[in-house]
Amino acid sequence: VFEVNIEGGIAAMDMEGDTLWCVPYEGTVVTCWNIKQDEFQTYDVGVEGFKCVQRKLGQECNKTPFCRPAFYGEQVILSPNWGNKFVCIDRQTGETKEWDSPVKVTMKSENGYFTSGCGGYFIGSITDTLGKYFDAVNRKLYEIDMSTKECREIPIVFDKRELEQHETGFAEASQWLQ
């Protein structure tokens, strides 16, 4: 029998094949569960110098360190939510270390109009070597080559005609909400 402590809760879960990866809401222990084999593995990803800072208040804490994981070969890469570093788990050796991301971790937005409570996250799956990462603090989308760590910004654009098609009824009371 293997006991897993998820007392502080789970901030994110992601399936990879038969394995469920659980990212903690509190603390730095990531748990993966192979559902078919009913085997658990835990990784303490609190690498040297790692800390969490509540983004809006700027106070150090131990909550929501990471967003959902990204899977690249034998690596599991955790993007920071309130954490100050990307962290990489080597599945073969169990070693955890800081992942040298081409995207800088920003703890506070320069834009005071709209602040983000989240640091950023990988979007979708990594195909071949390319992954997409959304920097929520600065509202920028990047494509990262995971093998070379080359990074390019993907412009976020809106189709004006599509926006205008959704304009009808905006901010009007619905007949269904009477």
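Up top is the structure these notes are about.
The structure presented is a predicted model; accordingly, all values stated were derived computationally and were not measured.

Colleague: What's the story with a nonpolar patch on the surface in this structure? I'm lost.
Modeller: A contiguous nonpolar surface patch, about 340 Å² in accessible area, is contributed by Ile156, Phe158 and Leu163. With respect to the helices and strands, phenylalanine 158 occurs in the loop between β14 (151-154) and α1 (160-165). Relative accessible area serves as the criterion here: at 66%, phenylalanine 158 is assigned to the exposed category.

Colleague: Mind showing me how you'd approach the sheet that holds strand β3 (residues 29-34) here?
Modeller: The strands that make up a sheet are held in pairs by hydrogen bonds between backbone atoms, and each pair lies either parallel or antiparallel. Across the sheet, which stays open at both edges, the four strands sit in the order β1-β2-β3-β4 with antiparallel pairing between neighbours. With partners counted over all chains shown, the strands left at the sheet margins are β1 (10-16) and β4 (39-44), one partner each. Neighbour-to-neighbour, the strand axes of the sheet open up by a mean angle of 20 degrees, direction not taken into account.

Colleague: Hey, could you run me through the sheet that holds strand β13 (residues 140-145) in this one?
Modeller: Here four strands make up an open sheet; going across it, the order is β11-β12-β13-β14 and the pairing antiparallel. Where the open sheet ends on each side, the last strands, each with one partner, are β11 (120-127) and β14. Going across the sheet, the axis of each strand differs from the next one's by a mean of 25 degrees, ignoring polarity. Sheet topology places strand β12 (residues 130-135) next to β13; six bridges connect them, and they run antiparallel. Residue leucine 130 lies in a different strand from β13, and its bridge partner there is aspartate 145.

Colleague: Help me understand the pattern of salt bridges, please; the structure alone is not making it clear to me.
Modeller: Per the counting criterion, the structure on display carries six salt bridges. Across the pair arginine 68 and aspartate 14 runs a salt bridge, and its minimum N-O distance is 2.6 Å. Taken as a pair, arginine 68 in strand β7 (residues 66-72) and aspartate 14 in strand β1 lie far apart in primary sequence, 54 residues in all. We classify arginine 68 as partly exposed; its relative accessible area is 27%. Its relative accessible area of 12% is what places aspartate 14 among the buried residues. Here lysine 85 and glutamate 98 are joined by a salt bridge, their closest N and O atoms 3.3 Å apart. Separated by 13 residues along the polypeptide, lysine 85 in the loop between β8 (75-80) and β9 (87-90) and glutamate 98 in strand β10 (residues 96-98) bring together distant segments of the chain. Note on glutamate 98: relative accessible area 44%, which makes it partly exposed.

So, how was this worked out
Residues numbered from 1 in each chain as written. Predicted model: local features only at pLDDT ≥ 70, side-chain atom pairs only at ≥ 80, totals over all residues. Heavy atoms only, no water. Patch = residues over 30% accessible without salt bridge, like charges linked within 9 Å, V, L, I, M, F, W, Y side chains within 5 Å. Areas by Shrake-Rupley, 256 points an atom, 1.4 Å probe, with all protein chains shown as cover. Salt bridge = Lys/Arg side-chain N within 4 Å of Asp/Glu carboxyl O. Helix = DSSP H or I, 4+ residues; strand = E, 2+ residues; numbered from the N terminus. Buried < 20%, exposed > 50% of the residue type's maximum accessible area, 1.4 Å probe, protein only. Pairing = 2+ DSSP bridges. Axes fitted to C-alpha atoms, helices over the stretch in contact; angles between N-to-C directions.

In short, geometric facts, not functional conclusions.
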